[in-house]
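Report on the structure
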Amino acid sequence: MKTKILSEPNQQKGFLFLVCATAATIPLPAAFNSVASILLLLFWLLFLPKKWDFARMKPVLLLSSLFWISLAGMIYTQNFDEGVFRIQQKLLLLVYPLVLG
């Protein structure tokens, strides 16, 4: 699923810009990094080709395993609101390996 709105060089430039923007917003308030991360995810979903090769997915699954462990840990939490907050914090452990991998 890829839209052909952007040429390949523009896709690469846009993706690189958003990756750099995400990295540059790390020391800023969390809202800036969240917006940059969401824009990066949306750009990846809408404009870049996806290649689902199992050999390439192994590192992605390994890197995102911390998120999956945290999600499984939600079964045992007594404080659901705090658990959801912690899952939101760890969501980038799923998004970044998926987008950058």
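The rules behind each value
Residues numbered from 1 in each chain as written. Predicted model: local features only at pLDDT ≥ 70, side-chain atom pairs only at ≥ 80, totals over all residues. Heavy atoms only, no water. Helix = DSSP H or I, 4+ residues; strand = E, 2+ residues; numbered from the N terminus. Buried < 20%, exposed > 50% of the residue type's maximum accessible area, 1.4 Å probe, protein only. Areas by Shrake-Rupley, 256 points an atom, 1.4 Å probe, with all protein chains shown as cover. Lys, Arg positive; Asp, Glu negative; His and termini not counted. Charge placed at Lys NZ, Arg CZ, Asp CG, Glu CD. Contact = heavy atoms within 4.5 Å. Phe/Tyr/Trp six-rings, centres within 6.5 Å; stacked < 30°, edge-to-face > 60°. Polar contact = N/O pair within 3.5 Å; in protein donor to acceptor, adjacent residues only side chain to side chain. Core = buried A, V, L, I, M, F, W, Y, C linked by side-chain atoms within 4.5 Å. 1 Å grid on protein atoms, 1.4 Å probe; cavity = no way out; pocket = protein on both sides within 12 Å on 5 of 7 lines; lining within 4 Å. Points joined across faces, edges and corners; volume = space filled by probe spheres on them. Nonpolar A, V, L, I, M, F, W, Y, C, P; charged D, E, K, R; others polar.

Quick word on the overall build of the chain
- Along the chain, the regular secondary structure elements total six helices and zero strands.
- Secondary structure elements of the chain, listed N to C terminal, follow the sequence α-α-α-α-α-α.
- A buried classification covers 25% of the 101 residues belonging to the chain.
- When the accessible surface of the chain is summed, it comes to about 7400 Å², and 73% of that surface belongs to carbon and sulfur atoms.
- Taking the average place of the 9 positive charges on the side chains of the chain and the average place of its 4 negative ones, the gap between the two points comes to 11 Å.

Here we look at helix α6 (residues 92-100)
- For α6, the complete set of buried residues consists of V95, P97 and V99.
- Elements that come into contact with the buried residues of α6 comprise α1 (8-24), α2 (30-47) and α3 (54-63).

Notes on the packing of aromatic side chains
- The final tally for this structure, using the stated rule, is one aromatic pair.
- Taken together, a centroid distance of 5.1 Å and an interplanar angle of 45 degrees make the contact between F43 and F47 tilted. Of this pair, F43 and F47 both sit in helix α2, separated by four residues, roughly a single helical turn.
- With a relative accessible area of 18%, F47 lands in the buried category.

Thoughts on the side chain of S64
- Its place among the elements puts S64 in the loop between α3 and α4 (65-73).
- Taking the relative accessible area as the measure of exposure, S64 reaches 1% and is therefore buried.
- A distance of 3.4 Å separates the side chain of S64 from the backbone oxygen of L61, its partner in a polar contact.
- The residues contacting S64, other than those within four sequence positions of it, are L93, L94 and P97.

Considering the environment of V95
- Turning to its location among the elements, V95 is positioned in helix α6.
- What makes V95 buried here is its relative accessible area of 12%.

Focus on the nonpolar core
- Counting nine residues, the largest nonpolar core consists of F15, L18, L40, F43, W44, F47, L48, V95 and V99.
- Broken down by secondary-structure element, the contributors of at least two residues to this core are α1, α2 and α6.
- It is α2 that contributes the most residues to this core, four residues altogether.

Re the layout of surface pockets
- A volume near 460 Å³ is recorded for the largest pocket.
- W44, L48, P49, K50 and R56 are the residues nearest the centre of the largest pocket, which is lined by 21 residues in total.
- For the lining of the largest pocket, the elements supplying multiple residues, two or more each, are α1, α3 and α6.
- Top element by residues in the lining of the largest pocket is α1. It accounts for four residues.
- Residues belonging to the lining of the largest pocket are distributed by class as follows: eleven nonpolar, four polar and six charged.
- Here the second largest pocket defines a volume of roughly 250 Å³.

Function-wise, these values are silent; they only describe arrangement.
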